[in-house]
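The primary structure of each chain is shown beneath.
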Amino acid sequence: MVHWSAEEKQLITSVWSKINVEECGAEALARLLIVYPWTQRFFDNFGNLSSPTAIIGNPKVRAHGKKVLTSFGEAVKNLENLKATYAKLSELHCEKLHVDPENFRLLGDILIIVLAAHFTKDFTPACQATWQKLVGVVAHALAYKYH
Amino acid sequence: MLTAEDKKLIQAIWEKVQGHQEDFGAEALQRMFITYPQTKTYFPHFDLSCGSDQIRGHGKKVVNALGNAVKSMDNLSQALSELSNLHAYNLRVDPPCFALQLLSQCFQVVLAVHLGKDYTPEVHCAFDKFLSAVAAVLAEKYR
């Protein structure tokens, strides 16, 4: 069980309340596909991913990015129970989607950079530390049901 | 690995780092020590309190070395040869690349914090590749 201090919970909820989930999610997913192009292998049916511009403008990328980050919101609401929260999604990513859990870590790191660029100075070291911890435990929960 | 376009983007971004080497370096290290406490194990001899002279001095050193790498992107192996020896034989940052990856993440966060929207996906990609290349060279002589 992960322990969250009062300060960490506060940093998580205050940042989350200021995020535009659609924009942020779209950007995080787009950056994942741009910075780590091998991740495009999971999105063969997304159409044009041939350049950063194409990826950023791709409506399927935007929609899926929003979906992914919306799901992240479940983590924010269930900090004390992440493994249960992500049990079904973990099975899905293993059995149907066949995603190497390393990719969850990559997406987590990308999300941090998106938040940093968005919040600039307000993304303090304490903020970064808390959110890196959060993306780490979410990645762990998503990998938990792998077999 | 690094395309001509990547190199252009990296050099352009590096212009914005000029004059801020010490600040950016210190901030990257600070963020790394707070976010990844295991990295403190490499600095038992340092005063790791916020804003310490040692962190500022070391941050400046690290960023200056990166600046040198930016000037020598066509020949990173040679340019970083001494540092490669240092990291392999003296510092032995372990496991190779992983700890350096943590510093890379923190340095990119610092750039994103200070450049905001200018840290575009294209720049992010080029810089991530660059820092990976630097880490790979630094780990070259591990075994």
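Quick notes on the rules
Residues numbered from 1 in each chain as written. Chains lettered and ligands numbered in written order. Predicted model: local features only at pLDDT ≥ 70, side-chain atom pairs only at ≥ 80, totals over all residues. Heavy atoms only, no water. Axes fitted to C-alpha atoms, helices over the stretch in contact; angles between N-to-C directions. Helix = DSSP H or I, 4+ residues; strand = E, 2+ residues; numbered from the N terminus. Parallel < 35°, antiparallel > 145°, perpendicular 65-115°, else oblique. Left-handed = near helix turned anticlockwise from the far one by under 90°. Contact = heavy atoms within 4.5 Å. Buried < 20%, exposed > 50% of the residue type's maximum accessible area, 1.4 Å probe, protein only. UniProt positions renumbered as here; feature names shortened; annotations may be inferred. Buried area = accessible area lost by both parts, 1.4 Å probe. Polar contact = N/O pair within 3.5 Å; in protein donor to acceptor, adjacent residues only side chain to side chain.

**Q** Quick rundown of the packing of helix α8 (residues 125-143) of chain A against helix α2 (residues 21-35) of chain B? Include the residues and the values.
**A** Closest axis-to-axis distance for the α8(A)/α2(B) pair is 9 Å, and the angle between their directions is 40°. The pairing of α8(A) with α2(B) is recorded here as oblique in orientation. Relative to α2(B), α8(A) is oriented so that their crossing is right-handed. On the side of α8(A), the interface is formed by P125(A), Q128(A), A129(A) and Q132(A), while α2(B) contributes R31(B), I34(B) and T35(B).

**Q** Go over unusual backbone geometry with me, naming the residues and quoting the values.
**A** Residues and elements named next belong to chain A. Even without being a glycine, H98 presents a positive backbone phi close to 55°. Along the polypeptide, H98 turns up in the loop between α6 (87-96) and α7 (102-119). We classify H98 as exposed; its relative accessible area is 52%. Of note in this structure, T120 is not a glycine but carries a positive phi near 40°. With respect to the element layout, T120 can be found in the loop between α7 and α8.

**Q** I'd like a rundown of the UniProt feature "domain: Globin" (unreviewed entry) in chain A, residues and numbers included.
**A** Listed under "domain: Globin" (unreviewed entry) in the UniProt record, and renumbered for this structure, are residues 3-147 of chain A. Between the first and last C-alpha atoms of residues 3-147 of chain A the distance is 26 Å; the span itself is 72% helix and 0% strand.

**Q** Account for the environment of K88(A), naming residues and giving values.
**A** Turning to its location among the elements, K88(A) is positioned in helix α6. When the C-alpha atoms of K88(A) and K60(A) are compared, they prove to be 23 Å apart, with 28 residues separating the residues in sequence.

**Q** I'd like to hear about the interface of chain B and chain A, residue by residue, with values.
**A** Contact with chain B, which involves 20 residues of that partner, is made by 21 residues of chain A. Together chain B and chain A conceal approximately 1800 Å² of surface at their shared face, both sides included; 62% is due to carbon and sulfur atoms. Put simply, chain B and chain A have nine residue pairs in polar contact (both at pLDDT 80 or more) between them. Elements supplying a minimum of two residues to the side of chain B that touches chain A: α2, α6 (98-115) and α7 (121-138) of chain B. A total of seven residues in the side of chain B that touches chain A trace back to one element, the largest contributor, which is α6(B).

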